[in-house]
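Below are the chains, spelled out letter by letter.
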Amino acid sequence: MNNQLLLCSKIMRFINLNSYNITKYIMTSEVIDVKDLSKINPVFGQLSFDNHEQIVFCNDKDTGLKAIIGIHNTVLGPALGGTRMWQYNNEWEALNDALRLSRGMTFKSAVAGLNLGGGKAVIIGDAKTQKTPELMKRFGEFVHSLSGKYITAEDIGMETSDMDLVRDVTPYVTGISESRGGAGNPSPITAYGVFVGMKAAAKYKYGSDVLEDKKVIVQGVGHVGESLVEHLTNEGAKVIITDINQARLEEVKAKYGAEIYTGENIYTLDADIYAPCALGATVNDTTINQLNVDIIAGAANNQLENEAVHGKILSEKGIVYAPDFVINAGGIINVYAELEGYGKTEIMRKTENIYNTTLEIIKNAETNNVTTHAASLAIAKSRIEARKKENQK
Ligand SMILES: NC(=O)c1ccc[n+]([C@@H]2O[C@H](COP(=O)([O-])OP(=O)(O)OC[C@H]3O[C@@H](n4cnc5c(N)ncnc54)[C@H](O)[C@@H]3O)[C@@H](O)[C@H]2O)c1
């Protein structure tokens, strides 16, 4: 094993190779000799590389900034997507995250009908200990150097105040304070979009979109999850909540009367709807056989560990999956308002339209015998292709 790198499907492992620790996202089951390592294309050959237009590596020794900006596609407009600051295990992981997340933004905005492309940035480091005003401003200068091709916003590890620092050095930022022209906290809008997307899935599955008495699992009661619980309890749904943060659970229970899940494995709970609002990849090889629900509709990004495989199994099991990037688009609709200058009424109108889009996608998927994920991607791609042709005229 010393001078061989064993590549197996979709796992990441550390391999001690002649005293170097090499970490690799793995794509196939081949075994590669060490002398062939140089042939592995470290960027364009990445598993998550999907014809991205541009990938920018940003480095600044003085502030300790190490960032990667992924610009996936700018056919519909500037690539807009948040900046995530995370303590990645290694650069491969950071690059993959930038590639995967920026691709997701392209399709999210395209399906939502926004004139935006897809981009995302990652800053390598611990947001709690390594984020400084100097580092944020330096990052902003790199964003500025792209002349508006990429527009940033908040993601994990970022606050509105960080975007305000970026705004000091570039106009190519959204998610800034309302006092500086920002559109405010996107989470309640995201939650509302998830709620209407869930109702659309219910309409398809049950013939009615009324969620009263439906048993709904909300996994993760953070910014979006809490707001979703509020909508659901207002409608009379029976909400079961789960979170790794006990204090949040108690708080949300006290506010809305939701029931805290106390069992061992939330995925085995018999319920009507599962709403993942914490992490991605919770629909995976293990959970897919445990899930005992009719509908999956939540806010988390990349809920299907494997889009093709798990999407297909869900549809075979008769579980209606409301694609994450379709129903969690409220946040991007909210920040887009900052660029276009529209107000809350238009934000709500666009977000409410997630209901129609979701229903159309689910029906399309049935008609064409494809998964809802594939049906959503097809809509996004056809919109991009049509614009590409128009642009070429
Ligand atoms: N905030 C937005 O507008 C927005 C927009 C689009 C997508 N999303 C996605 O929605 C999800 C929720 O976003 P948020 O802003 O509410 O995040 P958040 O950090 O406020 O909340 C996440 C919650 O999930 C909990 N959690 C973490 N790991 C968990 C686990 N293993 N099991 C159960 N709970 C767990 C956390 O304790 C926290 O309470 C994220 O995946 C995010 O990427 C958010």
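Per chain, residues are indexed from 1 in the order of the written sequence. Under the rules for a predicted model, residues below a pLDDT of 70 receive no local features and side-chain atom pairs below 80 are neither given nor counted, while totals for whole chains, interfaces and linings still include all residues. Water and hydrogen atoms were dropped before computing side-chain values, which therefore reflect all heavy atoms in the structure.

## What to know about the site of the ligand
- Near the ligand there are 20 residues, and of these Thr190, His223, Val224, Asp243 and Ala278 occur at the shortest range.
- Polar contact is defined as a pair of N or O atoms within 3.5 Å, subject to the rule that within protein one atom must be able to donate a hydrogen and the other to accept it, and that residues adjacent in sequence are counted only when both atoms are side-chain atoms. Within the side chain of Thr190, one N or O atom sits 2.7 Å away from an oxygen atom of the ligand.
- Within the contact set of the ligand, an oxygen atom lies 2.8 Å away from a backbone nitrogen or oxygen of Ala278.
- Each accessible area is a Shrake-Rupley estimate made with a 1.4 Å probe; only the visible protein chains count as cover when residues are assessed. Isolated, the ligand exposes 830 Å² of accessible area, and the fraction of that covered by the protein chains is 73%.
- Going along the chain from the N terminus, every DSSP run of H or I of four or more residues is numbered as a helix, and every run of E of two or more is numbered as a strand. Among the elements of the structure, helix 4 (187–206) and helix 5 (223–234) are those that each provide at least two residues to the shell around the ligand.
- In this classification, the charged set is Asp, Glu, Lys and Arg, the nonpolar set is Ala, Val, Leu, Ile, Met, Phe, Trp, Tyr, Cys and Pro, and all remaining amino acids, among them Gly, are polar. Each residue belonging to the shell around the ligand can be placed in one class, and the counts come to 9 nonpolar, 9 polar and 2 charged. Only heavy atoms are used to decide nearness, and a residue is near a molecule or strand if one of them lies within 4 Å of it.

## Focus on the packing of helix 4 against helix 11 (residues 354–368)
- Fitting a line to C-alpha atoms yields each axis, with helices limited to the stretch in contact; the angle taken between N-to-C directions then spans 0 to 180 degrees. With their axes 8 Å apart at the nearest point, helix 4 and helix 11 run at an angle of 40° to one another. With respect to their mutual orientation, helix 4 and helix 11 come out oblique. By crossing handedness, the relation of helix 4 to helix 11 is classed as right-handed. For the pair formed by helix 4 and helix 11, the contact residues are Gly193, Val196, Gly197, Lys199, Ala200, Ala201, Lys203 and Tyr204 on the first element and Ile354, Tyr355, Thr358, Leu359, Ile362, Lys363 and Glu366 on the second.
- Along the lines of polarity and charge, the residues of the contact of helix 4 with helix 11 split into 8 nonpolar, 3 polar and 4 charged. The cut-offs work like this: below 35 degrees is roughly parallel, past 145 is roughly antiparallel, 65 to 115 is roughly perpendicular, and the gaps in between are oblique. Should the near helix be turned counterclockwise from the far one by less than a right angle, the crossing is left-handed, whereas a clockwise turn marks it as right-handed. Residue contacts are defined here by distance: any two heavy atoms, one from each residue, within 4.5 Å place the two residues in contact.

## Thoughts on the pattern of salt bridges
- Put simply, a salt bridge is a Lys or Arg side-chain nitrogen that is within 4 Å of an Asp or Glu carboxyl oxygen. If you walk through the whole model with that rule in mind, you get 18 salt bridges.
- In this structure, Asp97 and Arg100 form a salt bridge, with 2.4 Å as the shortest nitrogen-oxygen distance. With a gap of 3 residues between them, Asp97 and Arg100 both fall in helix 1 (residues 91–111), about one helical turn apart.
- Residue burial is assigned from relative accessible area. The probe radius is 1.4 Å, only protein chains are included, and a residue is buried under 20% of its type maximum, exposed over 50%, and partly exposed in between. Residue class for Asp97 comes out buried when judged on its relative accessible area of 8%.
- Within the structure, one salt-bridge network assembled from shared partners comprises Arg84, Asp97, Arg100, Lys120 and Asp155.

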